[in-house]
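Close look at the chain arrangement
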Amino acid sequence: MANLKVTILHDVWEEGPPEPEPEPVKAPRGKTGKRRKKKKDPLHDREEIFEALTKLGHEPSYHVLDGKNQSLFALAKCGADLVFNLTESYAGHDTMDMNIAAYLELLQVPYTGGGPQALYLAQDKSIAKKIFDFHKIKTPDFATSYKGRTEHSHDIEFPLIVKPVSEDGSVGIDTGSVVDSVKELMERIHYIHEEFDSPALIEEYIEGREIYAAILGNDNAEVLPLIELDLSKLPKGTPRIAGQDVKFDHETEGYKVTKSAPVEDLDEETTRKLQDTALAAYRALKLRDYGRIDMRLNKKGVVYVIEANPNPWLASTAEMAMAARKAGYSYTDMIEKIVELARARSM
Ligand SMILES: Nc1ncnc2c1ncn2[C@@H]1O[C@H](COP(=O)(O)OP(=O)(O)OP(=O)(O)O)[C@@H](O)[C@H]1O
Ligand SMILES: [Mg+2]
């Protein structure tokens, strides 16, 4: 492949003490994403990607969108052959990643991963679930509620899990998320409204194994070997869910006793069912290049899609790279493949 100028585009979501507020940017109308610190270590994957691109003979550089117009103007002039898009937010608003993809479309610069359509469809889990339903992809029955208004409701039954409708990284998901009574449900809905200024997604809780399918590709998309996050060792009495502690808080018991690994013990039929379901979800939400579908497999072998993640975390320790490795791709191969897929769109 030709030597390319690749701009690794990222946002500002550093951990640690609050930074000075960037120039105020209003959330887009109808969006409720709040400024918030998150979660994973974004430095980690961008540096690994930089290194992989260098190995591949490309010329990588970083560009940060810091929420100021100047960084947008500079991006327009950066002269990249390709943008490796790692952004998840703009000016602290994590509903605005779709706007960045839309801006890249306007600039006519090829970029990796989901377009604005996929980022929008996957971000609002209630919309995603309605689309899954249309395609007969099983997803837990649900209701959405925002400050007393019910937008939709199945006739759902306890136990339920209550989450913000448009978050990722398990923001707003902890041991209190799974509720067994109307009182707990009401309190949790209130918490989601107060804390996140977000509609609450109230879903039937699916007891079962937590399986992730990483997918690489477009027309001939490949479902990589399945990964399981083993939640069975979580402390007794706490729900078996991947809350924020389990995913990111290295100091917690939840983080220490859980681990992701390729699944080895599933029969062929179940594996096929999980893979087909994941691919259907990937296509239904128009994910591109790479993605991760989160699923639950219950005791009876029923597969539920919990959510779809366009542009999932690409750190070498994360599930996407773990699955690629199991399929025989080195980390550099995986990055090369993503670059090729994105490039092919503009040729
Ligand atoms: N309906 C459900 N039944 C059982 N467990 C659930 C359900 N919904 C969510 N969970 C648990 O909560 C976790 C986080 O949920 P979800 O994937 O919707 O959040 P997220 O913030 O989008 O996560 P991320 O973007 O990091 O994947 C899931 O991985 C799963 O463990
Ligand atoms: Mg998830």
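Note that the structure is a prediction, hence the values are computed from the model and not measured.

1. Some details on the confidence of the model for the protein chain
Summing up the model confidence of the protein chain, the mean pLDDT is 91 and the portion of residues at 70 or higher is 91%. Confidence over residues 15-39 falls short of pLDDT 50; this stretch has 62 contacts with residues more than four positions distant or in other chains.

2. Looking at the coordination of the magnesium ion (ligand 2)
Within the first shell, the magnesium ion (ligand 2) binds the protein through Asp-294 (OD) and Glu-307 (OE), at distances of 2.0 to 2.1 Å. Linking Asp-294 in strand S13 (residues 290-297) with Glu-307 in strand S14 (residues 303-310), this pair joins segments that are 13 residues apart in sequence. Of the two residues, Asp-294 and Glu-307, both sit in the buried class.

3. Remarks on empty space enclosed by the protein
Applying the stated criterion across every chain yields a total of 1 cavity of 30 Å³ or more. Roughly 30 Å³ of volume is contained in the largest cavity. Forming the boundary of the largest cavity are Ala-122, Lys-125, Ala-128, Lys-129, Phe-132, Ile-306, Glu-307 and Ala-308. Among the secondary structure elements, those contributing two or more residues to the lining of the largest cavity are helix H5 (125-134) and S14. Take the lining of the largest cavity: its biggest share by element is 4 residues, from H5.

4. Remarks on the pattern of salt bridges
By the definition in use, this model includes 14 salt bridges. The closest approach of N and O atoms between Asp-197 and Lys-147, which form a salt bridge, is 3.5 Å. Here Lys-147 lies in the loop between strand S4 (142-146) and strand S5 (149-153) and Asp-197 lies in the loop between helix H6 (182-196) and strand S8 (200-204), a separation of 50 residues in the sequence. A salt bridge links Lys-233 to Asp-230; the shortest N-O distance between them is 3.7 Å. Salt bridges sharing partners connect three or more residues here, namely Lys-129, Lys-163 and Glu-203.

5. Some words on the nonpolar core
The tendency in soluble globular proteins is for nonpolar side chains to be buried as a group. In this structure, Ile-49, Phe-84, Leu-314, Met-334 and Ile-335 are the most contacted members of the largest nonpolar core, which totals 33 residues. Per-domain counts for this core show at least three residues from each of domain 1 (5-111) and domain 2 (122-138 + 207-344). Not counting the four nearest positions on each side in its chain, Ile-49 is found in contact with Ile-8, Phe-84, Leu-86, Leu-314, Tyr-331 and Ile-335. In terms of nonpolar packing, the next biggest core, distinct from the first, is built from 29 residues, Ala-118, Ala-122, Ala-284 and Leu-297 among them.

6. Structural notes on the sheet that holds strand S3 (residues 82-85)
The strand order across the open sheet built from 3 strands is S2-S1-S3, with neighbouring strands paired in parallel fashion. The strands lining the two open edges of the sheet, one partner per strand, are strand S2 (59-65) and S3. Across the sheet, the mean angle separating the axes of adjacent strands is 30° when strand polarity is ignored. Inspection of the sheet shows strand S1 (residues 5-11) paired to S3 by 4 bridges, in the parallel sense. For Val-6, the partnering residue across the bridge sits in S3 and is Leu-82. Helix H2 (residues 69-76) contacts S1, S2 and S3 of the sheet and is inclined by roughly 150° relative to S2.

7. Concerning the site of ligand 1
Not every one of the 25 residues close to ligand 1 is listed here, only the nearest: Ser-170, Glu-203, Glu-210, Lys-247 and Glu-307. In the model, an oxygen atom of ligand 1 is placed 3.0 Å from a nitrogen or oxygen of the Gly-169 main chain. The side chain of Glu-210 places a nitrogen or oxygen atom 2.4 Å from an oxygen atom of ligand 1. Isolated, ligand 1 exposes 610 Å² of accessible area, and the fraction of that covered by the protein chains is 97%. Breaking the shell around ligand 1 down by element, the ones donating at least two residues are strand S6 (160-164), S8, strand S9 (209-216), S13 and S14.

What counts, and where the lines are drawn
Residues numbered from 1 in each chain as written. Chains lettered and ligands numbered in written order. Predicted model: local features only at pLDDT ≥ 70, side-chain atom pairs only at ≥ 80, totals over all residues. Heavy atoms only, no water. pLDDT = per-residue confidence, 0-100. Contact = heavy atoms within 4.5 Å. Donors = N, O, S within 2.8 Å, 3.2 Å for Na, K, Ca; no water. Helix = DSSP H or I, 4+ residues; strand = E, 2+ residues; numbered from the N terminus. Buried < 20%, exposed > 50% of the residue type's maximum accessible area, 1.4 Å probe, protein only. 1 Å grid on protein atoms, 1.4 Å probe; cavity = no way out; pocket = protein on both sides within 12 Å on 5 of 7 lines; lining within 4 Å. Points joined across faces, edges and corners; volume = space filled by probe spheres on them. Salt bridge = Lys/Arg side-chain N within 4 Å of Asp/Glu carboxyl O. Core = buried A, V, L, I, M, F, W, Y, C linked by side-chain atoms within 4.5 Å. Domains from an automatic or database assignment. Pairing = 2+ DSSP bridges. Axes fitted to C-alpha atoms, helices over the stretch in contact; angles between N-to-C directions. Near = heavy atom within 4 Å. Polar contact = N/O pair within 3.5 Å; in protein donor to acceptor, adjacent residues only side chain to side chain. Areas by Shrake-Rupley, 256 points an atom, 1.4 Å probe, with all protein chains shown as cover.

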